[in-house]
Amino acid sequence: AAAVGQNVYLSSMRTTPSDDFSAGLTADGRIEGVNVRDALTLVDYANIVIPADEVRATDEEVEGDINATLQSHREASTDETLEIKDGDTVNIDYVGTIDGVAFEGGDSNGAGYDLTIGSGSFIDDFEQQLIGHKPGEEVTVEVTFPEDYNEELGGKDASFAVTIHGIQKVPELTDEFVAENLAETEGVSTAEEYRAQVENEFRAGHVEEYITEYVVENSVINTYPKKYLKAAKSLLKYSDNNGEDIDDEIAYEKELTQRAKEEVKEAMVYQAVFEDAGLSFDVQAYFDEMAGESGEEYVDSLKENYGEAYLAQNEMRQAVIEYLTGLYE
């Protein structure tokens, strides 16, 4: 009898998965049939005190971003006075042979290959044998394939004729580098200006994250919209591979409800700020602009997969984020 009762209970609470992203939304992206400003108590979003330490760009972020930019502008130097060292990226071509006979996959075919010394990309100590050599040199590298490499090559000795074309050199962040590579795209003219811009971009991202999280966390839901909450649970279960391989359905449904409440609260808060601040946007103009940038086919695909209401809700969310961050610039 207990088992029968549990099955009845599960049947009544079991969420039906759905991939309808626009379920429970009106065409303009609002939650259907709900006055969100009555259904929640909205925090005072216009007077948030932002702790400077929590939104400041870290040295790791700034240096990492700058290094990525410098890496993207690296070039192969053919300077024959340079010597390959551990960690360098070199451009090479190679032809491998075993007992004087070329083997499949052992030839770069003159295409040039960028190899980072110490990466372990190549077998045995291939990379280490290039250390100390220079651009323009032709080097013979002797290696042994691992026993378990494959049936054809495993355990065999191979010889590679390697031509070193150049060593990738990463430029330094100088005024000259910025003027030549970043002035037009980034609108900066000195290294100091570029560094400051990177710091400001990270800070702006942290401010956005802090404000949006603060507004959601400190607003209080008075009543959850049942229809939209049910739709949110169905979508989450669909995202969870339709809830397959669940050991404890009751625990899963409880956890699913909690996750759905978090998503619904976020949607309600964004809509409440949108309405409270008197924001607006033209849904059709939004789709037209997207079509102009990415094409009608792309927009039609988004509409088919997500529905216009869901896309409108995302645009509403973006309008709120821009508004909130604008209050604290």
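Residues numbered from 1 in each chain as written. Predicted model: local features only at pLDDT ≥ 70, side-chain atom pairs only at ≥ 80, totals over all residues. Heavy atoms only, no water.

So, the overall build of the chain
Working step 1: The number of helices and strands found in the chain is 12 helices and eight strands.
Working step 2: Taken over the C-alpha trace, the chain has a radius of gyration of 29 Å; the compact-globule value for 329 residues is 20 Å, which it surpasses by more than 25%.
Working step 3: Burial statistics for the chain: of 329 residues in total, 35% are counted as buried.
Working step 4: Counting contacts in the chain only where the partners sit at least 6 residues apart, residues at least 24 apart contribute 71% of the total.
Working step 5: Of the roughly 19,100 Å² of accessible surface on the chain, 44% is carried by carbon and sulfur atoms. (Helix = DSSP H or I, 4+ residues; strand = E, 2+ residues; numbered from the N terminus. Rg over C-alpha atoms; globule rule 2.2 N^0.38 Å. Buried < 20%, exposed > 50% of the residue type's maximum accessible area, 1.4 Å probe, protein only. Contact = heavy atoms within 4.5 Å. Areas by Shrake-Rupley, 256 points an atom, 1.4 Å probe, with all protein chains shown as cover.)

So, helix H8 (residues 226-239)
Working step 1: Spanning 14 residues, H8 covers 20 Å between terminal C-alpha atoms, matching the ideal 20 Å at 1.5 Å per step.
Working step 2: Those residues of H8 not exposed but buried are Tyr-228, Leu-229, Ala-231, Ala-232, Lys-233, Ser-234, Leu-235, Leu-236 and Lys-237.
Working step 3: Where the residues of H8 are buried, they touch helix H9 (249-276) and helix H12 (308-326). (Expected span 1.5 Å × (residues − 1).)

A short note on the packing of aromatic side chains
Working step 1: In total, this model carries 16 aromatic pairs according to the counting rule given.
Working step 2: Note on Tyr-94 and Phe-122: the rings are 5.6 Å apart at their centroids and 80 degrees apart in plane angle, and the pair reads as edge-to-face. Of this pair, Tyr-94 sits in strand S3 (residues 89-98) while Phe-122 is found in the loop between strand S5 (113-116) and strand S6 (138-144), placing the two residues 28 residues apart along the sequence. Accessibility classification places Tyr-94 together with Phe-122 in one group, the buried group.
Working step 3: On the basis of an interplanar angle of 40 degrees and a centroid distance of 5.2 Å, the ring pair of Tyr-286 and Phe-287 is categorised as tilted. (Phe/Tyr/Trp six-rings, centres within 6.5 Å; stacked < 30°, edge-to-face > 60°.)

Some thoughts on a negative patch on the surface
Working step 1: Residues Asp-282, Asp-288, Glu-296, Glu-297, Asp-300 and Glu-304 make up a contiguous surface patch of negative charge.
Working step 2: You can see Glu-297 is positioned in helix H11 (residues 296-306). (Patch = residues over 30% accessible without salt bridge, like charges linked within 9 Å, V, L, I, M, F, W, Y side chains within 5 Å. Salt bridge = Lys/Arg side-chain N within 4 Å of Asp/Glu carboxyl O. Lys, Arg positive; Asp, Glu negative; His and termini not counted. Charge placed at Lys NZ, Arg CZ, Asp CG, Glu CD.)

Here's the deal with unusual backbone geometry
Working step 1: With phi around 55 degrees, Asp-99 is a residue other than glycine that occupies positive phi space.
Working step 2: Tracing the backbone shows Asp-99 in the loop between S3 and strand S4 (101-107).
Working step 3: We classify Asp-99 as exposed; its relative accessible area is 77%.
Working step 4: In this structure, Asn-109 is a non-glycine residue whose phi angle is positive, near 60 degrees.
Working step 5: Since its relative accessible area comes to 66%, Asn-109 is described here as exposed.

Quick look at the confidence of the model for the chain
Working step 1: Overall, the prediction assigns the chain a mean pLDDT of 93, with 96% of residues at 70 or greater.
Working step 2: No element of the chain has a lower mean pLDDT than helix H1 (residues 2-13), at 55, and none a higher one than strand S8 (residues 220-221), at 98. (pLDDT = per-residue confidence, 0-100.)

Considering the pattern of salt bridges
Working step 1: Inspection of every chain in the model, using the stated rule, returns 14 salt bridges.
Working step 2: The partner of Arg-30 in a salt bridge is Glu-275, and the shortest N-O contact between them spans 3.1 Å. Residue Arg-30 is located in the loop between H1 and helix H2 (36-39), and its partner Glu-275 is located in helix H9; the two are separated by 245 residues in the primary sequence.
Working step 3: Judged by relative accessible area, which is 22%, Glu-275 ranks as partly exposed.
Working step 4: Between Arg-259 and Glu-255 there is a salt bridge whose closest N-O contact spans 3.3 Å. Of this pair, Arg-259 and Glu-255 are both found in helix H9, four residues apart, which corresponds to roughly one turn of the helix.

What to know about helix H4 (residues 59-72)
Working step 1: With 14 residues, H4 ought to run about 20 Å at 1.5 Å a step, and its terminal C-alpha atoms sit 20 Å apart, in line with that.
Working step 2: Within the span of H4, buried status applies to Val-62, Ile-66, Thr-69 and Leu-70. The buried residues of H4 occupy one face: seen down the axis, they fall within an arc of 100 degrees. In H4, the exposed positions angled more than 90 degrees off the buried face are occupied by Glu-60 and Ser-72.
Working step 3: In this structure, the buried side of H4 is in contact with helix H5 (175-181) and helix H7 (191-218). (Arc of directions from axis to C-beta.)

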